[in-house]
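Notes for the structure review
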Amino acid sequence: MSEIKNITGAEALLYSLIEEGATTIFGYPGGQVIPIYDKLYGFRDRIHHILTRHEQGAAHAAQGFARVTGKVGVCMATSGPGATNLITGIADAMLDSTPLVCITGQVPASSLGNDAFQEADIISMAMPITKWNFQVTSSDEIPWAIARAFYIARSGRPGPVLIDITKNAQVEKLDFEYKKCNSLRCYEPVPNLDKSAVDEAVELINRAKKPLLLIGQGIKISGAEQEIIDFATKANIPVATTLMGISVITDDLPTYIGMLGMHGNIAPNVMTQNADLIIAIGMRFSDRVTGDLANYAKQAKIIHIDIDRSEINKVVKVDIGIVADAKDALLAMTPQISTVDRTEWLQFAKEQYDKEIENVITPSINPDCGPIRMGEAINELTKATGKNAVIVTDVGQQQMFSARYSKFRNTRSFITSGGLGTMGFGLPASMGAKIGAPDKVVVAILGDGGFQMTMQELGTIMQNKIGVKIVILNNSFLGMVRQWQQLFFEKRYSFTELENPDFVRIASAYDIPSCRVTDRCDLKNAIDTMLNTEGAYLLEIAVANEENVFPMIPAGASLSDLIFKE
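Treat the numbers as computed from the prediction; the structure is a model and nothing was measured.

Let us look at the packing of aromatic side chains. Summed over all chains, the structure comprises 15 aromatic pairs. Here Phe-176 and Tyr-178 contribute two aromatic rings whose centre-to-centre distance is 6.1 Å and whose plane-to-plane angle is 25°, an arrangement assigned as stacked. Like Phe-176, the residue Tyr-178 is buried in the burial classification. Members of the aromatic cluster, connected to one another through ring pairs, are Tyr-15, Phe-43, Phe-176 and Tyr-178. Geometry around Tyr-41 places Arg-44 over its ring, the cationic atom sitting 3.7 Å from the centre. Here the basic side chain of Arg-482 rests over the ring of Phe-477, its NZ or CZ set 5.8 Å away from the ring centre.

Right, here's the structure in full:
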């Protein structure tokens, strides 16, 4: 863009966003961002602004947009409480490596530090949960700051960046010229690949008798979906995903064995404890994946490939650490990989899966009688959508059932709050996902507890005609906490039972078609009706009150202590 003379900082911000390809802002106006919103009025044909009903909803919606598109999500709020309401979404984005640029207004530079109305030191608050943040105090800093914000947010291991703009900077004039940022001194987002480490890794892989491939969201971020399939197929290695890695590969890959971790499939967890080599790519060895570290995969050598140097040896001591982009590493390794007959090892995986089919899966998705089960609801939804939907979950039991029983044909199709585990994430994130992928069926799968944390975003859905499908699995409990209380606290259900409102009537108030299902005979037709109704739809499914998610590894226990039924 050529130089534009004598424009305000607010206009410079909007031109900068356009230069970075931003098309959508999720936000909420307030006193210290009025100059930006005033200029945004004239940019409506170039930037789509979604007025959420809460700033937390804006952050989560930006996350959903970023996760489904792979682009940088943008959200905006005013100073003070507006900025602090973004904090949960920013922290969530940091833990789940989601690229966001969060813009906040701030009191005039002359008032900083004087406890002015709605002044809050958001820079200090956000510092531990952002990749970078910067406070703009003069208008000429805006293009410089936005260029760096987008570069830092999207490059290397993605994450959130916060730009705090004082009110005076929004109204001061400048001559605008934009220069994109493509590098920064002392910042190496994509490290050079260590070829000798790759050669060592290949040698270990080719010699291994019982290797196991563990992959996470880093594969999605890298765009290495085909490369991981090529690698796993050629090497004939069983592959499991983390919660955040779900939808990286399709379930019909012959060597795919499911999700690992606390509520993962039996095979990945049992095989972790029996493998002689673990190849971890784009995942961070979360405590929900490893369980008791003292007893984690003691017999296995470990190769860890991650773009973030700080993750290597942070949790699990590894034999070979490769700091690299996942795609670069896979492209370097795959040509050197030998195809080895691992029939016995894959047969062992099948035996574990057969055990899970008998003891867990069949009872969950095909119960003989009683109330509707969460597993069967997710299974019916998967069949009805042909594995083509984008599933966005809240946090809790419905999240784990969705992770276990949803199936996918396409990447970036499972969106959830992993590291922070944020209740209230699902509904606003599904709005962002639907805006980012308007041609896809987007289904928010929520619990009755999480839904009520951000259900005001039904107003955003109504006003903007966002065609998201909303499924509430209502068990009248904070289900995951209740499960722990049942299993580990002698069924003392302390403050986890919910007396809920009429969700169908609430949906009606927002002019959203809805239905409540209590009988499994009506389940399939209700799901079909939801999917065939144009626009948004809310389907409440009354499910068993005291259903538990199995298998389960108790917190702090070893993967060998897996519980797969009551």
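Residues Phe-550 and Pro-551 are joined by a peptide bond in cis, for which omega reads 0°. Inspection of the secondary structure assignment puts Pro-551 in the segment after strand S20 (537-542). We note that Asn-236 has phi near 60°; this positive angle belongs to a residue other than glycine. With respect to the element layout, Asn-236 can be found in the loop between helix H11 (225-235) and strand S10 (239-241). One non-glycine residue, Asn-313, lies in positive phi territory at about 70°. Among the secondary structure elements, Asn-313 is positioned in the loop between strand S13 (301-306) and strand S14 (320-323). Judged by its relative accessible area of 42%, Asn-313 is partly exposed.

Let us now look at H11. For H11, the complete set of buried residues consists of Glu-225, Glu-227, Ile-228, Phe-231, Ala-232 and Ala-235. Burial along H11 is one-sided: seen end-on, the buried residues are contained in an arc of 165°. As for H11, its buried residues are in contact with helix H9 (195-207), strand S9 (211-215), helix H10 (218-222), S10, strand S12 (277-281) and helix H14 (326-333). Asn-236 lies just past H11 and shows a positive phi near 60°.

Here we come to the sheet that holds strand S3 (residues 48-51). Pairing between the strands of a sheet is mediated by backbone hydrogen bonds and can be parallel or antiparallel. Reading across from one edge, S3-S2-S4-S5-S7-S6 is the order of the 6 strands in this open sheet, with parallel pairing throughout. Edge positions in the sheet fall to S3 and strand S6 (132-136), since each of these pairs with one other strand and no more. The mean inter-strand angle of the sheet, taken between neighbouring strand axes irrespective of direction, is 20°. Summarising the sheet, strand S2 (residues 24-27) and S3 pair through 4 bridges and their orientation is parallel. Paired with Phe-26 across the strands is Ile-50, a residue of S3. Those strands touched by helix H7 (residues 142-154) are strand S4 (73-77), strand S5 (100-106), S6 and strand S7 (160-166), and its axis lies near 170° from that of S6.

In spatial order, the strands read S11-S10-S9-S12-S13-S14; together these 6 strands make up an open sheet with parallel pairing. In this open sheet, the two strands that pair with only one neighbour each are strand S11 (256-259) and S14. Taking each pair of neighbouring strands and ignoring which way they run, the sheet shows an average axis angle of 15°. Pairing analysis gives 3 bridges linking S10 to S11, with the strands arranged parallel.

Okay, the pairing of strand S18 (residues 469-474) next. For S18, a buried count of 6 out of 6 residues is recorded, marking the element as mostly surrounded by other parts of the structure. As judged from the 5 bridges shared by strand S17 (residues 442-447) and S18, these two strands associate in the parallel manner. Each bridged residue has a counterpart across the sheet, and for Val-443 the counterpart in S18 is Lys-469. For S18 and S20, the ladder comprises 6 bridges, and the chain directions are parallel. Each bridged residue has a counterpart across the sheet, and for Leu-473 the counterpart in S20 is Ile-541.

Where burial is concerned, most of S9 is hidden: 5 out of the 5 residues are buried. Judged by which residues are buried, S9 turns out to be covered on both faces: Pro-211, Leu-213 and Ile-215 on one side and Leu-212 and Leu-214 on the other are all buried. As judged from the 5 bridges shared by S9 and S12, these two strands associate in the parallel manner. Counted as the bridge partner of Leu-212 is Ile-278 from S12. Here 3 bridges tie S9 to S10, and the two strands are oriented parallel to one another. Among the inter-strand pairings, Leu-213 is bridged to a residue of S10, identified as Val-239.

Here the focus is the side chain of Thr-242. Position of Thr-242 among the secondary structure elements: in the loop between S10 and S11. Accessibility expressed as a relative area gives 9% for Thr-242, which makes it buried. Excluding its chain neighbours within four sequence positions, the residues that come into contact with Thr-242 are Ile-215, Gly-216, Gln-217, Met-259, Leu-260, Met-283 and Val-289.

Bringing the packing of helix H16 (residues 374-385) against helix H23 (residues 523-532) into the picture now. At a minimum axis separation of 10 Å, H16 and H23 run at an interaxial angle of 50°. It follows that H16 is oblique to H23 by the angle criterion. In the crossing of H16 with H23, the sense of the turn from one axis to the other is right-handed. Residues Glu-376, Ala-377, Glu-380, Leu-381, Ala-384 and Thr-385 of H16 form the contact with H23, whose participating residues are Leu-523, Lys-524, Ile-527, Asp-528, Met-530 and Leu-531. For the contact of H16 with H23, the per-class residue count stands at 7 nonpolar, 1 polar and 4 charged.

This part is about H14. Residues of H14 that are buried: Ala-326, Ala-329, Leu-330, Ala-332 and Met-333. The buried side chains of H14 occupy one side of the element, clustering within an arc of 165° when seen end-on. Its buried side turned inward, H14 meets H9, H10, H11, S12 and S13. The distance from a side-chain oxygen at the start of H14 to the backbone nitrogen of Lys-327 is 3.0 Å, and the residue carrying that oxygen is Asp-325.

What counts and what doesn't
- Residues numbered from 1 in each chain as written.
- Predicted model: local features only at pLDDT ≥ 70, side-chain atom pairs only at ≥ 80, totals over all residues.
- Heavy atoms only, no water.
- Phe/Tyr/Trp six-rings, centres within 6.5 Å; stacked < 30°, edge-to-face > 60°.
- Buried < 20%, exposed > 50% of the residue type's maximum accessible area, 1.4 Å probe, protein only.
- Lys NZ or Arg CZ within 6 Å of the ring centre and 35° of its normal.
- Helix = DSSP H or I, 4+ residues; strand = E, 2+ residues; numbered from the N terminus.
- Arc of directions from axis to C-beta.
- Contact = heavy atoms within 4.5 Å.
- Pairing = 2+ DSSP bridges.
- Axes fitted to C-alpha atoms, helices over the stretch in contact; angles between N-to-C directions.
- Parallel < 35°, antiparallel > 145°, perpendicular 65-115°, else oblique.
- Left-handed = near helix turned anticlockwise from the far one by under 90°.
- Nonpolar A, V, L, I, M, F, W, Y, C, P; charged D, E, K, R; others polar.
- Polar contact = N/O pair within 3.5 Å; in protein donor to acceptor, adjacent residues only side chain to side chain.

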